[in-house]
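# Secondary and tertiary structure notes
What follows is each chain in one-letter form.
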Amino acid sequence: MARFVSTYSHDRYVVRPRFRKSIDGGLRSEMVPGLAAEFENNTFDSEAEQLRLRWTDEERIEVEEFLRSCADFGHRISEPDLSGITSEPRIALSDLRTCLFVVTIDGDVEPCGRPASSEDGYCDKHASLAEAPQSKPNRSKAAASS
Ligand SMILES: [Zn+2]
């Protein structure tokens, strides 16, 4: 997601003006919609606008790239780094984790589902299994027997 802010509460950057395109060898014409970034309350959220105006991904990216490359970027408009900011309460990663152990029953992969208690992400029951050294196929033995 890309969110841009402007020092102006209502700002507008025209990426592509709409224009009249002649078709059928000039017999008819059609309006080609333009592309613009409209800032409301100092912000422009490209993904919200994409949904609202039914932009394609290419159009959204075109708008984002336009804003990032325009001369005002870094001055009048900017793209704040919101990656560290979340409106949702932060939940400790350990609270969300469930045991990483999976069993395969008739081709269906069934996760254990119990809350993970160990640091490496396994429940009490499976922690000891995970810590056990993985048995590795013995290649030399297999080659010898074939
Ligand atoms: Zn488990």
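Residues numbered from 1 in each chain as written. Predicted model: local features only at pLDDT ≥ 70, side-chain atom pairs only at ≥ 80, totals over all residues.

### A closer look at the overall build of the protein
Secondary structure summary: the protein contains five helices and nine strands in total. If you list the helices and strands of the protein from N to C, you get β-β-β-β-β-β-α-α-β-α-β-β-α-α. A total of 146 residues make up the protein; the buried ones form 12% of that total. Sequence-distant contacts in the protein: of pairs separated by 6 or more residues, those separated by 24 or more amount to 44%. (Helix = DSSP H or I, 4+ residues; strand = E, 2+ residues; numbered from the N terminus. Buried ≥ 20, exposed ≤ 12 C-beta atoms within 10 Å, placed from the backbone. Contact = placed C-beta atoms within 7 Å.)

### Some remarks on the pairing of strand β8 (residues 102-105)
Summarising the sheet, β8 and strand β9 (residues 108-111) pair through four bridges and their orientation is antiparallel. Paired with I105 across the bridge in β9 is D108. The hairpin turn running from β8 into β9, its antiparallel successor, is two residues long, and D106 in that turn takes a positive phi close to 50°. (Pairing = 2+ DSSP bridges.)

### What to know about the environment of R12
One can find R12 in strand β2 (residues 11-16). Taking the number of C-beta atoms within 10 Å as the measure of exposure, R12 has 11 and is therefore exposed. As a C-alpha pair, R12 and A37 span 25 residues in sequence and 5.6 Å in three-dimensional space. Non-local contacts of R12, meaning those with residues more than four positions away in its chain, are made with A36, E38 and F39.

### Some words on the sheet that holds strand β1 (residues 3-6)
The strand order across the open sheet formed by three strands is β6-β1-β7, and the pairing between neighbours is antiparallel. Among the strands making up the open sheet, the edge pair consists of β6 (43-45) and β7 (77-78).

### Side note on the packing of helix α1 (residues 46-53) against helix α2 (residues 57-69)
Direction vectors running N to C along α1 and α2 enclose 140°, while the axes themselves pass 10 Å from each other. Considering the angle they form, α1 stands oblique to α2. α1 and α2 meet at a crossing whose hand is right-handed. Between α1 and α2, the residues in contact are S46, E47 and Q50 and R60, V63 and E64, respectively. Of the residues belonging to the contact of α1 with α2, the class tally is one nonpolar, two polar and three charged. (Axes fitted to C-alpha atoms, helices over the stretch in contact; angles between N-to-C directions. Parallel < 35°, antiparallel > 145°, perpendicular 65-115°, else oblique. Left-handed = near helix turned anticlockwise from the far one by under 90°. Nonpolar A, V, L, I, M, F, W, Y, C, P; charged D, E, K, R; others polar.)

### Description of the environment of E40
Examined against the element boundaries, E40 turns out to sit in the loop between β5 (35-39) and β6. Along the chain, E40 and H10 lie 30 residues apart, while their C-alpha atoms are 5.2 Å from each other.

### Here's the deal with α2
An ideal rise of 1.5 Å per residue puts 18 Å on 13 residues; α2 measures up with 18 Å between its terminal C-alpha atoms. Every buried residue of α2 is accounted for by V63, E64 and L67. On an axial view of α2, the arc spanned by its buried residues comes to 95°, and they lie on one face. In α2, the exposed residues that point more than 90 degrees away from the buried face are E58, E65 and S69. Check the buried side of α2 and you find it contacts β1, β2, β5, α1 and β7. (Expected span 1.5 Å × (residues − 1). Arc of directions from axis to C-beta.)

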